[in-house]
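Each chain, letter by letter, is given below.
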Amino acid sequence: MRGKHIVFTAPNTAELQGFEFDESLAEDEVLVETIATLISTGTELANFTGLSPNVWIKGAWGAYPHVPGYTAVGRVLAVGDGVGRYGRQGQRIVPGVRVFGFTPHASVAKASVSRRLLFPLDDGDDVNRMLLARMGMVASAGMRALHRPAYGRDVVVIGQGLVGLFAAQLLDIAGAEVVAYDRAPRRVELARSLGVDARLGPAEGEELGEIADIVIEAIGNPRLVPAAVAMARNLGEVVLLGSPRGPGDDAGPVLSDIHHRGISLTGALEWLVPFHAASAGTGPSLEDAAHMVMRWIRSGRLRTEGMISDVRSPVDCQDAFARLSEDRNAYHGVVFDWRGIA
């Protein structure tokens, strides 16, 4: 079987290439024909631009040539013999059903239901809104990382990209008093349209004073960590929801500030959260987070209007990734429509 997928071949270079595909399935695998995929503007742009160090390490995840993507909606073509044993009660993954999963930017892909997540969609589900649920799952990892409940606490979210937009809304639902910041005026406008109290700033090196019990850094810019720490009150929490990439300033002053003011600094990498509820112990799993986020998007409790700025053909992948990396003010959520790509 032949398909097409997007490949990062070098820094700032994305190509749509053909590939040969083995149709045979392990017992836990599902063959999916892709309808649409969503660009993750943090991870994928770091790999596209060469900012992530992994792209230069032979054999590492993300090394060039690299097939990006982990957010897709597609239609099931075939299933392995044991697929019916996985998933929640009443969850049917059968040929013809639309599914949401972690597959790459490709016209066809295999998905393992034991090692990753795959969810059947409701008949009325909008594809783009369900793609955005993936970013809501990422944001939920920041909630899981908190040492104390957010209810009644003052919270700052730095960054109003897709993950930051969901983080601000989830914290608001949890009962926090949330203020969000971003340096891009269009993103601030979008956040406000979704009901978030959003403001411009902070710039690198700018300190706004001790204004919050919890500060969420949702961008992944190491140079904003000192500002995040400075915003936290004594004995407060700073959560690194964005994976830090790129150069940072001397760590000495910020570490001293953390030490002397009792600040808790916590990483919130989504991939540290167990995938399935049965292996998550007492905490919520990614499976739990996915069901919660998808349910709240369907009900309108989590708002998504305006989050998708562009829908492109995979043929235009080079321009789509380049524009996202060059103008994050205007571009923030980009979907690839794979229908007709074979």
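Residues numbered from 1 in each chain as written. Predicted model: local features only at pLDDT ≥ 70, side-chain atom pairs only at ≥ 80, totals over all residues. Heavy atoms only, no water.

Asker: What is the right way to read the pattern of salt bridges from this model?
Answerer: Two side chains of opposite charge can pair, provided their charged atoms sit close to one another. This structure, assessed with the given rule, holds 18 salt bridges. With a shortest N-O distance of 3.9 Å, E237 and R148 are connected by a salt bridge. With E237 in strand β12 (residues 232-240) and R148 in the loop between α2 (127-144) and β8 (154-158), the pair connects residues that are 89 residues apart, well separated along the chain. Its salt-bridge partner being R303, residue E305 comes within 3.2 Å of it at the nearest N-O pair. Among the residues examined, E305 registers a relative accessible area of 45% and is labelled partly exposed. Taken together, the shared-partner salt bridges in this structure form one network comprising D310, R312, D316, D319 and R323. (Salt bridge = Lys/Arg side-chain N within 4 Å of Asp/Glu carboxyl O. Helix = DSSP H or I, 4+ residues; strand = E, 2+ residues; numbered from the N terminus. Buried < 20%, exposed > 50% of the residue type's maximum accessible area, 1.4 Å probe, protein only.)

Asker: Please explain the environment of R153 as it appears in this structure.
Answerer: On the secondary structure map, R153 appears in the loop between α2 and β8. Relative accessible area serves as the criterion here: at 11%, R153 is assigned to the buried category. A sequence separation of 64 residues divides R153 from E217, and the C-alpha atoms of the two residues are 16 Å apart. If we ignore the near neighbours within four places in the chain, the residues touching R153 are R148, A176, E177, D213, I214 and E237. (Contact = heavy atoms within 4.5 Å.)

Asker: I keep staring at the pairing of strand β1 (residues 2-10) and nothing clicks. Help me out?
Answerer: Two faces belong to every sheet, and in a regular strand the side chains alternate between them. Here eight bridges tie β1 to strand β2 (residues 13-20), and the two strands are oriented antiparallel to one another. Among the inter-strand pairings, I6 is bridged to a residue of β2, identified as L16. Between β1 and the antiparallel strand that follows it, β2, lie two residues; N12 among them carries a positive phi value of about 60 degrees. (Pairing = 2+ DSSP bridges.)

Asker: Explain unusual backbone geometry here, please?
Answerer: Keep in mind that most residues, glycine aside, have a negative phi and that most peptide bonds are trans. P65 follows Y64 through a cis peptide bond whose omega is -5 degrees. Topologically, P65 is positioned in the loop between α1 (43-49) and β4 (72-79). Even without a glycine there, the phi angle at N12 is positive, about 60 degrees. Relative to the helices and strands, N12 is located in the loop between β1 and β2. By relative accessible area, which is 39% here, N12 ends up partly exposed. One non-glycine residue, L235, lies in positive phi territory at about 70 degrees. In this fold, L235 is placed in strand β12. On the accessibility criterion, L235 (59% relative accessible area) is exposed.

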